[in-house]
Amino acid sequence: MKEWVDGLVEGSSLLQSLPIEVSYFLAMVFFSLVAVGWMAICALFFVWLERKVSARIQSRLGPVYVGGRFGWAQTPADALKLLMKEDLVPESADRLLFNIAPAIAFMATLLTFVAIPIGNGLVIADLDIGIFFILAVSSLGVIGIIMGGWASNSKWSLYGGMRAASQIVSYEIPVALSLIGVVMIAGTLNLVEIGRGQAGGIWNWYLFKSPFLFAAGIVYFIAALAEVNRTPFDLPEAESELVSGYNTEYSGMKFAFFFLAEFANLFVISAVAVVMFLGAWNSFLPWQILPGPIWFLGKVFFLVLVIMWLRWTLPRLRVDQLMHTCWKVLIPISMVLLIGVGVQMWLFPGN
Amino acid sequence: MPIDPTTRPGDFRTEEMILNMGPQHPSTHGVLRLEVTTDGEVVAAVRPFMGYLHRCFEKHSEHVSWTGVIPYTDRMDYLAAMNNNHGYVIAVERLLGLEVPERAEYIRVIMAELNRIASHLVAFGTFGNDIGAVTPLVWSFRDRELILDIFEKACGARLTYNYYRIGGMSGDLTPDMLEDVRKFLDYFEPRLKEYDDLLSYNKIFLERCAGVGVIPLNMAVNYGLTGPALRGSGMRWDLRRDDPYSIYDRFDFDIPVGEGRKGEIGDCWDRYMVRMWEMAESVKILRQCLAQIPEGEYMHPKTPKSIKPPKGEIYVRVENPRGELGYYLISEGKTSPFRVKVRSCCFTNLAVTPAISQGVMIADLVAIIGSLDIVLGEIDR
Amino acid sequence: MSAVKKYFSDIYNSMATVLVGMATTGRTAFRKPVTLEYPDVRWELPERYRGILHNRIEDCIGCLACARACPVNCIHIDIVKRGKEEYGVTSDGTKITQWIPRFDIDMSLCMVCGLCTEPCPTECLTMTKEYELAVHDKHDMYLEFALDRDKVMAEKAEAEKKAAKEKAAREKAEKEAAAKKAAAEAEAAGKEGAEPEKPAADAEADGKPGSEEKKPDAS
Amino acid sequence: MSDEIRLGVFLGFGMITLVSGAVVALARTIIYSVFALLFTFFGVAGLYVLLHADFLAATQVMIYVGGILVLLLFGVMLTHKIATVQLRSASMQRGPAALICGGLLALLLYVIFKTPWPVKELGPATPTVQRIGRYLMTDYLLAFEVISVLLFAVLVGAALMARRETNR
C-alpha cells in the first residue's frame, strides 16, 4: 500500500501539496471502504449463489423474479429489507454487548480481507506474517459470536455461543497445523510470496507438491468448514436444535452483520485454501493466459460452490462427534502430515 | 462459598437448566412442547406437553352425522388422512353389516398405500431435516406432490381427502388415474435408492442415528408402541398381516423390522429404516393392486341414504403409517354416533420419549422425536 | 487392532459416503426443476377439484339436504312456503315450491369437505375450481347466494305494471293508428301511412340480479 | 512514517489499553471485565506492531484473544448462573488497595525514570519470524521445552479431570 500511495503522490501535484500524512490517511480510508465493499459484494453474491445452488440440488428454481433474469436482485433486495427493519433488542438482553457483538464479528472478517491477495501483489496490506495474521484475526470473530450469544439472554443463543466457542477454538488447531506444512515448504508466511512460489503450472501448486500436502489440503478444507460453521459443522446455528443458535434474537441490521460476516468468511477460507494450496492466481499451465485475479476468483468460486454443494448434501454432526472429529481425527492426522512434510524436506532438500 | 469437606475433586456441583423446547420450535413437528432439563448439552429429563392442537374431535363427532365424522378423521393425522378414513369407514360398515364392493376395496387399498408412502416420505424428509440435512425434506416433498396429484384427481383435495364413504368411495378411480399410479411407481422406485444414497447410509447420518434412542423390545411392548416404532425394535407386528382388514390378506408383502444392522436393535436408524423399507413394500402392494383391480361398483348400491347403524359398539384397528389407529364406536341407533374414541398411535408412541431420552444430548433428543414421527394433530385430536 | 481398523474404516466410510451423497445431489442438480412459477403458470386443476362453494340459486329447490350434510353448519338456509305459489322450474325440470330468502355459506367456517354437494338433488351446489380464498375482509368470505326475493318481486311487479302500461299504450296507439289508418284510408286511399313504431322495451323483465350479489352482512 | 504520527498512534493504542484495562479492573459486571480484556489485548497488539514486532502482535491476538479470552468467557459463563445477566463483582477494602497501588505506581515510575534505557533509532521493519524461530530452536531451546512440558502436563491434567467428571 505504501508504495502505491508513494507512487500516486509522486504523480499528482494536488497530493504533493498535501502533507504526506493526509495522503496516507485518505488511502487508509479508501482501502477500508474497498475492503468493506468487496466483502459486501462477495457476501451478497454468495447468498445468491447459495440459493441458486440449493435450488438446483433440490429440483427447484430459486429466485427468478426480482431484477429480471436469474433473480439477481434478490439478495440486494433482502439486504435492503434487513437494513430497513426495526432494530429489536430483547428486553432482558444486555444492550451494550448485544449491540457491539455483530460489529466485532463483522470486524474480524473485514480485517482478514485486508491481507488476502487476489493477484500478484494485488493486496491491500502486504504483510510479512500474512497467513498468521489471517489466522489470528479470524479467531476474533468467535468473541463476537459468544458475546452475541450471551448478551441475547436466551438459552438457545447461549447454547449457540458455547458451541461456537468450543468448536472454533478447537478447529483453529487443525487449520493452523495443516497450513504449517505449506509454510514450511514455502519458507515464508507472506501470502504474496507463497502465491509466487506456485507459479509455473499445476505441478507447482502446493497441493500437488507432496502427498502430505494433498492430505493437508483436505484436512484444512474440512477444518475450515468447521471454523466458519458450515454444514456439516453448523452446530452453533443448528436450526433444528437451537432454533437459530447465537443469532436467534437478532434481527434487522445486526442480523445482517452476522450474516454478512458468515458469508464473507466463506470467501476467506476459500481464498486461503486457494493461496496456500491451489496456486493462488496462477493458471494451471506454465504460462498465464488470463489475468491473475480471474484465475484466483475462479478458483475461489469453485471452492465456494463445493462448500455449498456439501452443505445441501450432508446432515449435521453432534457436539461430541464434532469434538471427536477434531481432536481424535483431524489433529493427529495433521500432526502426522506435518512430520511427513518435515521428513520429505529432510530427505529431498531443495525440492 | 464454604467448600463442602466431603467434596472430592471432580465432584463439581453443576446447575441444571430448564429449557423450554416448543411449542414453537423447528424440530418439534408441530406444537409439541418439551420441557427439557439439561445439564450442559446433556438431557437430564424430558417432559412432553401437548394439547396445543386440541380440537375436541371426539366430542364433536357426537354431534355430526356418521358420514360427517369422516372429514374430521382427515384432520387427525393429516399426513395419512386416507388411512384415518379407512379405519373409520370400516368401523361404521361393520356396525351396519355392510359389504363393500370389490372394486371399492381395491381403491381403498391403493389410496391407503399411496398415502402410506406419502406419509413415510414426510417422515423421511423431516427426519433428515432434524438431523440437519435440508435436501431430503425438499426431495420428499417433491415426490410426495406426485401422490397428492393422484389424490387430487381422485377426490379433489391434496391434504384432507374425505374420499372414503361408508359403503364405498365418493368417486371411482378412472383408468387414467390408475395409469398415473403406475407412472408414479415407475418414477418412485429408483428414487428410493437415491434417498438411501443421500441420507440412509451417510456416515454422518449413521453416527447421529445408529445406537441413539434405543427402545428395547420389552420397553416397546410395555409402552404400547405400534407401527414402525415397534417394528424398529424388532417385532414383526403389522395389522395388515396379523389382523387383516379390507383385502390385505390377498397381497404378498414383507414386514420389515429393525435388525440393528448399524447400531443396536431399536435405535433411531432402525425406526427410520423400517419406514424406508416399508415404502418399497407399499410399492409391491400397489403393483399387485393395479394388476388385480376388478371392474365394478365403487359404492355399495344399497348404502342407506341416512346412516343409522343399529345399537351396538365396535372397535376397529387399522395399520396407519405411524402405528395402530383404533376406532371405538358406540351407536345408539341415531343419526350421529353416541361415542367415538380414537386410540391414537402417535400419542402412545410419544409417551416413550421421557423413558429413552435420559442422558442423551439435545441433538439426540431431536433425533428421537423425529424418529418417532409424531403428528400433533393426532396426539391432541 | 480392531479399534485401529475401525478408526481408519470410519474415516474411509465418511469420505466415501460423502462423495456418494454429493454425486446424488450433483446428478439432481442437472435434472429439470419441478417448480411451477405459480402466479404466471398455473396448475391445471382436475375435474373433481374441491374449491370454494358455489350455488346456482336458480336451480336450488331449498331441500336443505346440503345444510343437513354439512358437518360444520356453515350453510344457512331459510325457506318460506307461500301456499301454492309457483317459483318456476329448475333447469332439469324440478318444480321450485318454496322461496329461499336466504342461502348463505360462511366460507370462513367451511372445511371444503364436499359432503354438501353430494346429496344435492338438482346438483346446483357445486365446488368450483376457485382455490385462492384469501380476502382482505373476513366478511367477504360470507357468500350470499339467495336472490333478494322482494326486490325480484318488486321488479317483477314493476315490470308487469310497465308491461301493462305499455300494453295499454300500445293498444291505445294501435287503436289510434287504426283509427288514423281508417281515417287516412278514408281520407286518401292512394297514400300509404307509416306503420306505428313497436315499443322497444321488453315486456318481460329479465332483470335478475347477479347470483353472486354480495352484501356486507355482519350476520 | 513521521514521528508525530507514530506518537499519535502510540498514544491511541496506549489509551485503548489503559482505558479498557481500567474497565477490566473496575467493571461491576464480570462479563464486562472479560470483554474489556479483548480491547486491552488488542491495544497491546497494536503497540507491538508499532515496535515492528508484527509476529508477536499476531501471536498476542491469536493466543490471548482466540484462546485465553474464550476460555475465560467459558469459565465465567459456565461457573455462574448463566440464565441471569447479573454477574457482579464487589470491590472492597479500597483504602488499603489504593495505598498499595499508589506505592507500586510510585516505585514503577521511579524505576522507569531512573533506569538508563538504551535508546535506539527504530530502523525499517524487518521480518522477525525467522529470527524468532532460530532463537527458539537455539538460544532459548531449554525454556521452550520446559514450557512445552509444563503445558503438556496441564493438558493431561485437564483431560484427566474432565474424564473423571464424565465417569461420575
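Rules of the game
Residues numbered from 1 in each chain as written. Chains lettered and ligands numbered in written order. Predicted model: local features only at pLDDT ≥ 70, side-chain atom pairs only at ≥ 80, totals over all residues. Heavy atoms only, no water. Pairing = 2+ DSSP bridges. Helix = DSSP H or I, 4+ residues; strand = E, 2+ residues; numbered from the N terminus. Axes fitted to C-alpha atoms, helices over the stretch in contact; angles between N-to-C directions. Contact = heavy atoms within 4.5 Å. Buried area = accessible area lost by both parts, 1.4 Å probe. Salt bridge = Lys/Arg side-chain N within 4 Å of Asp/Glu carboxyl O. Polar contact = N/O pair within 3.5 Å; in protein donor to acceptor, adjacent residues only side chain to side chain. Nonpolar A, V, L, I, M, F, W, Y, C, P; charged D, E, K, R; others polar. Buried < 20%, exposed > 50% of the residue type's maximum accessible area, 1.4 Å probe, protein only.

Engineer: Can you break down the sheet that holds strand S7 (residues 323-331) of chain B residue by residue, with the values?
Structural biologist: All names here are of chain B. Here three strands make up an open sheet; going across it, the order is S6-S7-S8 and the pairing antiparallel. Two strands in the sheet have a free side with no partner beyond their single neighbour: strand S6 (312-320) and strand S8 (339-343). Here the average twist between neighbouring strands, direction ignored, is 15°. The pairing of S6 with S7 spans nine bridges and is antiparallel. Across the sheet, residue Asn320 finds its bridge partner in S7, namely Gly323. Here helix H3 (residues 81-96) sits on the sheet and contacts S6 and S7; the angle it forms with S6, its principal contact strand, is near 150°.

Engineer: Requested: an account of the interface of chain A and chain B, with residues and values cited.
Structural biologist: The interface of chain A with chain B comprises 24 residues on the first partner and 34 residues on the second. Between chain A and chain B, a total of about 2,600 Å² is buried, with carbon and sulfur atoms accounting for 60% of that surface. Among the residues of chain A in contact with chain B, Tyr159(A), Pro315(A) and Arg318(A) are the three that bury the most area, contributing 25% of the side total. Linking chain A with chain B are one salt bridge, by the criterion used here. Counting the contacts that link chain A with chain B gives ten residue pairs in polar contact (both at pLDDT 80 or more). The element that contributes the greatest number of residues to the side of chain A that touches chain B is helix H8 (residues 155-186) of chain A, accounting for four residues. Broken down by class, the residue content of the side of chain A that touches chain B amounts to ten nonpolar, six polar and eight charged.

Engineer: Hey, could you go over the pattern of salt bridges for me, with residue numbers and the actual values?
Structural biologist: Residue and element names in this part refer to chain B. Tallying each qualifying case throughout the model produces 50 salt bridges over all chains. Taking the shortest distance from any N to any O, the salt bridge between Asp238 and Arg240 comes out at 2.9 Å. Summarising the burial analysis for this pair, Asp238 and Arg240 share the class buried. Three or more residues are tied together by salt bridges with common partners; here these are Glu113, Arg116, Arg231, Asp238, Arg240, Glu278 and Glu319.

Engineer: Please give an account of the interface of chain C and chain B that cites residues and values.
Structural biologist: At the junction of the two partners, chain C supplies 24 residues and chain B supplies 35 residues. When the buried area of chain C at its contact with chain B is split by residue, Arg48(C), Arg50(C) and Met111(C) rank highest and sum to 27% of it. Taken together, the connections running from chain C to chain B amount to three salt bridges. Summed over the shared surface of chain C and chain B, the result is 14 residue pairs in polar contact (both at pLDDT 80 or more). Split by residue class, the side of chain C that touches chain B holds eleven nonpolar, seven polar and six charged.

This is a description of form; function is not addressed.
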